[in-house]
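Residue-level structure breakdown
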Amino acid sequence: MNSDRMKGNWNELKGKAQQKWGDLTDDDLDKIEGSRKELVGKIQQQYGKSKEEAEREVDEFERTH
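None of these values were measured; they are calculated from a predicted model. (Residues numbered from 1 in each chain as written. Predicted model: local features only at pLDDT ≥ 70, side-chain atom pairs only at ≥ 80, totals over all residues. Heavy atoms only, no water.)

What follows is about helix α5 (residues 51-64). In this model, α5 (14 residues) spans 20 Å end to end at C-alpha, consistent with the 20 Å of a helix rising 1.5 Å per residue. Among all positions of α5, only A54, E57, V58, F61 and E62 are buried. Looking straight down α5, one finds that the buried residues subtend no more than 135° of arc, so they occupy a single side. Along α5, the residues that are exposed and aim more than 90 degrees away from the buried face are E52, R56 and R63. (Helix = DSSP H or I, 4+ residues; strand = E, 2+ residues; numbered from the N terminus. Expected span 1.5 Å × (residues − 1). Buried < 20%, exposed > 50% of the residue type's maximum accessible area, 1.4 Å probe, protein only. Arc of directions from axis to C-beta.)

Next up, the structure:
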């Protein structure tokens, strides 16, 4: 899934993102608005992951959804 498609489907994907990353709040997800870069940053911040780890998780999320 490319970034444009993720943004276009964000309302549908928000629930799935919250299931995967439960520490992300509705406000966090609203601010992300489907931005891959913002999602990676929030995962890093909330979970203390490296950029590479967060990128891998978002890659997997994009592949499966």
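Let's pick the thread back up.
One pass over the structure, following the stated rule, counts seven salt bridges. Among the salt bridges present, the one from R63 reaches E60, with a minimum N-O distance of 2.8 Å. Taken together, the residues span about one helical turn, with R63 and E60 both in helix α5 at a distance of three residues. With a relative accessible area of 34%, E60 lands in the partly exposed category. What you see here is one network of salt bridges that share partners, running through R36, E55, D59 and E62. (Salt bridge = Lys/Arg side-chain N within 4 Å of Asp/Glu carboxyl O.)

Our next topic: the environment of L13. If you trace the backbone, L13 turns up in helix α2 (residues 10-20). Residue L13 is classed as buried on the basis of its relative accessible area of 5%.

Before going further, it helps to examine the packing of helix α4 (residues 36-47) against α5. The geometry of α4 relative to α5 is characterised by a closest axis approach of 9 Å and an angle of 125° between their N-to-C directions. Here α5 runs oblique to α4, going by the angle between their axes. At the point where α4 passes α5, the crossing takes the right-handed sense. Two secondary-structure elements touch here, α4 through R36, L39, V40, I43 and Q44 and α5 through K51, A54, E55, E57, V58, D59 and E62. A breakdown of the residues in the contact of α4 with α5 according to their chemical character gives five nonpolar, one polar and six charged. (Axes fitted to C-alpha atoms, helices over the stretch in contact; angles between N-to-C directions. Parallel < 35°, antiparallel > 145°, perpendicular 65-115°, else oblique. Left-handed = near helix turned anticlockwise from the far one by under 90°. Contact = heavy atoms within 4.5 Å. Nonpolar A, V, L, I, M, F, W, Y, C, P; charged D, E, K, R; others polar.)

It is worth stressing that arrangement in space is one thing and function is another; only the former is reported here.
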